[in-house]
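Residue-level listing of the chains:
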Amino acid sequence: MHTLRNDLRYALRQLGKSPGFALTVILTLALGVGANAVVFSVLNALVLRPLPVPGPQQVVFLNRTGNTGTMTNSSPSQSEPDYRDLRDRNHTFSSLAAYRLQRAGVGATGAVQQSWFYEASANYFDMLRVQPVLGRFFHASDAKGLNSAPYAVLAYAYWQQRLNGDPGIVGKTIEINKHPFTVLGVAPAHFLGTEIFVVADFWVPLVQEEQMEGYDSSEHRGDHSSWVIGRMRPGVTRAQAEADLNTIAKGMQQQHPAEDEDLGLRLSRPGLVGDTLGRPVEAFLAGVMALAALVLLAACANLGSLFAARAADRARELAVRLALGASRRTLVSQLITEAVLVSLVGGALGLAGANALLQLLSRWRPSPGFPIQVMVNADARVCAVALALSVACGIFFGLMPVRQIWRDNAYLVIKSGPSGAGSGRRWTLRDALLVVQIVLCSVLVTSSLVAVRGLVRSLHTSYGFQPQGAILADFDLRMVGYRNDTSLPFQKGAMDAIAALPGVTAVGLTDTVPLGISTSDQNVYPDGTTDFRDSNAAADANRYYISPGYLAAAATRLVAGRDFTWHDDEHAPPVAVVNQTFARKVFPIGDAVGRYFVRSAKRYQVIGVVEDGKYQTLTEDPMASMFLSTAASPDTHTMLVVRTQAGEAETAAGIHKVLIGLDPSLPMTIGGWPEAMHMALFPSIAATAALGVMGALAAMLAVTGIFGMASYAVSRRLRELGLRVALGAQKKEVLSAALGRPARLLLAGSICGMVLGAMASRLLAHIVYQATSQDPVVLGGVIASMVLLALAATWLPARRALRVDPASLLREE
């Protein structure tokens, strides 16, 4: 301990003599460690951290796999009859539970608030083994048939924020979609549900589906709308459980060939809607983690250059201490202590900055209409990783001068003094580190510009609809007591009143918009089909219910046929409008208008064809889509699309006034269509933001690295530069001698980095729509960025080289 105290005092004295070096090392490590701490915290929260339930390693999510038409797919959803078959026939699970996320209105007339909730099988909490903090949970014994369990379990945050933490809430009644529900209990604060991204307000039993959604799907094997999660028995492996489920699935295929043809099941980690979000999130975070590692590598290269230069500058000092009797072991111990000290300070600063960013991320809501929240924090695991990175960097770079201490002859170093910079022909470790740093910076700058350019393109591309100039009003009439069969008059009245608002040019109704948070798809079959197996389907088509006027309000071009009218109702023959891809797949020969296809055992006639668009993701291939008449199948869920030439705020206020005038208790969400597309654009925005931040960090590190090398080169060669000036060298020659080597290294690293960045940008095309490196704007931007970085980094060293005074240098010598 005495030796350690002495080493710490010595390290503090040395760092106090070189505040510039200490500050540079601390900031460099703060950037590298902070970036990795942020990314690792998100990775830890979404992928590594298990569900907060007892025995989380035994809890798995069931993905449905199989064939749809000619295309293999994977879906997170199961039907309720399939769930019951799997629950009752398996031998490897102690329990299976089903659940889904839904939206409801809570409260009495005049105070209805929109909430999201879990609709879960009655054994949901028993399977998870979670215990309430107040009251009790519902159990399997509570469910005795349709609408037999009007109970609710509140989330802890909802209980605290909406109900003021009322301790007497258990046993009281709350209204949900105008139906009374008895509060049974309150879930613990740490349990937010079985989906990490979503923060719901309460749970109700699945048997209340008819009251919550207006229909009962409990006997519809083809209605895949439930997610299934299960707890494996002790000692059962995932492979054994998967094999057991697929044995059951084969029997279900034989019993129900139309609904369960080619049914398969695959287990995955719970919390991210199975493979639907799990695989993309894991792949994305792995990519961002790799970017953060590149930033840390760039920081390490910068640190390597700094410590190597400092070791060279301190050569005489260390030689004098050796000559005076200091042991080499003591010198190594002091150097490592100094390096670890600044590394720990840098790591602590980076962790503090990371924690501040994580708090902002936890408060971020990417979609105003959906309860998405990313709960991330720098827990003990993240702090341990940050500490390990900091100590590892300190020890590694603190050891860099050790070889020099053991190799150099103290007498010769004292006699000859510090070595000069030399001719600049010898390849040094500092050169290699600087090239690595520039390459990494160039790769990240190239990738970030490619992503930004792709995002700009995606915001101005053709979606098959035009979000600019359109406003969405989203509400569900079931929340205020309407049913499907009574909702259409309200909807038509609202559309007529909104159409009369100043500046409104078109109004339409749909159940959901393209690129929204939910899109339904369904098999369609050639006319005359009687065997409705998946393999006989002509296409798996996206399905939308729309009203007359929707196509005009969405600015979707009708290329053939006609739009719907209000006469296309349940009393008229079934009709549909399809897109061009649907027409090509289902009717490969001839025009589609006037021809028939089969959906849900009904024969539909095509009355119109619209242009293709984007429906689920921006990077998708052309997909078949069909639009059906909402007049033929009314629904309480309403999405009004209003195209206006007036200001968005003015029109939105008018829409709100109209809807409140029709029903003052109606909860709603009104906003611009571009804002509602944030979920569809989220992958592109997230990738662009991550690359932009990492590129900026790499650029900052590259500037300090180039500046450090250039300053060091000028400092070591001041005497030589003074002699050159005394002998008549021109400014151009002085700059070439002083900064020629850093400039050549910068050029070589930039070219290599641009090539690697162009190769890496091909991967971005799978995330960012229309991302490409073969863009003159991107190429020019990268070149301009690297030139600006070079000028910023070498400006001060160049001025110092040009202002050298030969006379003063010779007098000092």
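The rules behind the values
Residues numbered from 1 in each chain as written. Predicted model: local features only at pLDDT ≥ 70, side-chain atom pairs only at ≥ 80, totals over all residues. Heavy atoms only, no water. Helix = DSSP H or I, 4+ residues; strand = E, 2+ residues; numbered from the N terminus. Buried < 20%, exposed > 50% of the residue type's maximum accessible area, 1.4 Å probe, protein only. Contact = heavy atoms within 4.5 Å. Areas by Shrake-Rupley, 256 points an atom, 1.4 Å probe, with all protein chains shown as cover. Core = buried A, V, L, I, M, F, W, Y, C linked by side-chain atoms within 4.5 Å. Axes fitted to C-alpha atoms, helices over the stretch in contact; angles between N-to-C directions. Parallel < 35°, antiparallel > 145°, perpendicular 65-115°, else oblique. Left-handed = near helix turned anticlockwise from the far one by under 90°. Nonpolar A, V, L, I, M, F, W, Y, C, P; charged D, E, K, R; others polar. Expected span 1.5 Å × (residues − 1). Arc of directions from axis to C-beta. Polar contact = N/O pair within 3.5 Å; in protein donor to acceptor, adjacent residues only side chain to side chain. Phe/Tyr/Trp six-rings, centres within 6.5 Å; stacked < 30°, edge-to-face > 60°. Pairing = 2+ DSSP bridges. Patch = residues over 30% accessible without salt bridge, like charges linked within 9 Å, V, L, I, M, F, W, Y side chains within 5 Å. Salt bridge = Lys/Arg side-chain N within 4 Å of Asp/Glu carboxyl O.

K.L.:
Before we move on, can you summarise the overall build of the protein with the specific residues and values?
P.N.:
Regarding its fold elements, the protein presents 25 helices and 23 strands. Counting across all 813 residues of the protein, residues that qualify as buried make up 51%. The long-range share in the protein, meaning contacts at least 24 apart out of those at least 6 apart in sequence, stands at 80%. Accessible surface for the protein amounts to roughly 35,700 Å². Of this, 60% is attributable to carbon and sulfur atoms.

K.L.:
Account for the nonpolar core, with residues named and values stated.
P.N.:
L46, Y124, L154, I176, F191 and W203 are the most contacted members of the largest nonpolar core, which has 80 residues in total. Looking at this core, the element that brings in the most residues is helix 2 (residues 19–48), giving 13 residues. With 37 residues, the next largest nonpolar core counts A298, V439, A690 and L691 among its residues.

K.L.:
So what's going on with the packing of helix 3 (residues 80–89) against helix 7 (residues 238–255)? Residues and values would help.
P.N.:
The interhelical angle for the contact between helix 3 and helix 7, taken along N-to-C directions, is 130°, at an axis separation of 10 Å. By the angle class used here, helix 3 and helix 7 are oblique. As helix 3 runs across helix 7, the sense of the crossing is right-handed. Every residue of helix 7 that contacts helix 3 at D82, D85, L86 and R89 is listed here: L245, I248, M252 and Q255. Broken down by class, the residue content of the contact of helix 3 with helix 7 amounts to four nonpolar, one polar and three charged.

K.L.:
Now, about helix 12 (residues 380–398): what can you tell me, with residues and values included?
P.N.:
An ideal rise of 1.5 Å per residue puts 27 Å on 19 residues; helix 12 measures up with 26 Å between its terminal C-alpha atoms. When helix 12 is considered as a whole, its buried residues turn out to be V382, A386, S390, C393, G394, F397 and G398. Take helix 12 and look down its axis: the buried residues cluster within an arc of 125°, on one side only. Along helix 12, exposed side chains directed more than 90 degrees from the buried face belong to A380 and F396. Regarding helix 12, its N-cap is D379, as a side-chain oxygen of that residue lies 3.2 Å from the backbone nitrogen of R381 further along.

K.L.:
Quick rundown of the packing of aromatic side chains? Include the residues and the values.
P.N.:
Tallied over the full model, the rule gives 23 aromatic pairs. Seen in terms of ring centroids, Y99 and W227 are 5.7 Å apart; in terms of plane orientation they differ by 80°. Their pairing is edge-to-face. Pair noted here: Y99 is in strand 4 (residues 93–106) and W227 is in strand 11 (residues 226–232), with a separation of 128 residues, a long-range link. Comparing Y99 with W227 shows no difference in burial state: the two are buried. Aromatic side chains F125 and W203 sit 5.5 Å apart centroid to centroid with 70° between the ring planes, which places their arrangement in the edge-to-face category.

K.L.:
Give a detailed account of unusual backbone geometry, specifying residues and quantitative values.
P.N.:
Phi is positive for K178, close to 70°, though the residue is something other than glycine. Backbone geometry at L515 places phi at a positive 60°, although glycine is not the residue there. For L515, the location among the structural elements is in the loop between strand 14 (504–510) and strand 15 (520–526).

K.L.:
Any details on the packing of helix 2 against helix 11 (residues 328–363)? Residues and values, ideally.
P.N.:
The interhelical angle for the contact between helix 2 and helix 11, taken along N-to-C directions, is 45°, at an axis separation of 6 Å. Taken as axis vectors, helix 2 and helix 11 run oblique relative to one another. Seen from above, helix 2 lies across helix 11 with right-handed handedness. When grouped by side-chain class, the residues that make up the contact of helix 2 with helix 11 number 18 nonpolar, six polar and one charged.

K.L.:
If you had to explain the environment of A299 to someone new, which residues and values would you point to?
P.N.:
With respect to the helices, strands and loops of the structure, A299 is situated in helix 9 (residues 275–313). When the C-alpha atoms of A299 and V25 are compared, they prove to be 9.1 Å apart, with 274 residues separating the residues in sequence. Aside from chain neighbours lying at most four places away, what touches A299 is T28, G32 and L701.

K.L.:
Pulling in residues and values, what's your account of the pairing of strand 9 (residues 179–186)?
P.N.:
One ladder, built from two bridges, connects strand 6 (residues 134–135) with strand 9; its direction is antiparallel. Across the sheet, G135 pairs through a bridge with G185, a residue of strand 9. Relative to strand 9, strand 7 (residues 151–154) runs parallel, the two being bridged by four bridges. The residue of strand 9 that forms the bridge with L154 is V186.

K.L.:
So what about a nonpolar patch on the surface? Which residues, and what values?
P.N.:
On the surface, L747, I751, V755, L756 and M759 cluster together into a nonpolar patch covering about 480 Å² of accessible area. Tracing the sequence through the fold places L747 in helix 23 (residues 731–764).

K.L.:
I'd love a proper account of the pattern of salt bridges, names of residues and values included.
P.N.:
Counted under the stated rule, the structure contains 23 salt bridges. A salt bridge links D82 to R64, with the nearest nitrogen and oxygen atoms 3.0 Å apart. Residue D82 is found in helix 3, and its partner R64 is found in strand 1 (residues 59–68); the two are separated by 18 residues along the sequence. The same class applies to D82 and to R64, which are both buried. A salt bridge links R100 to E213, with the nearest nitrogen and oxygen atoms 3.0 Å apart. Within this pair, whereas R100 is found in strand 4, its partner E213 is found in helix 6 (residues 209–213), the two being separated by 113 residues in sequence. Overall, E213 belongs to the buried group, its relative accessible area being 11%. The network of salt bridges with shared partners includes R64, D82, D85, R89, R221 and D260.

K.L.:
So what about the side chain of E119? Which residues, and what values?
P.N.:
If you trace the backbone, E119 turns up in strand 5 (residues 113–120). For E119, the contacting residues outside a window of four places in its chain are A98, Y99, R100, Q102, V204, P205, L206, Q208, E209, M212 and E213.

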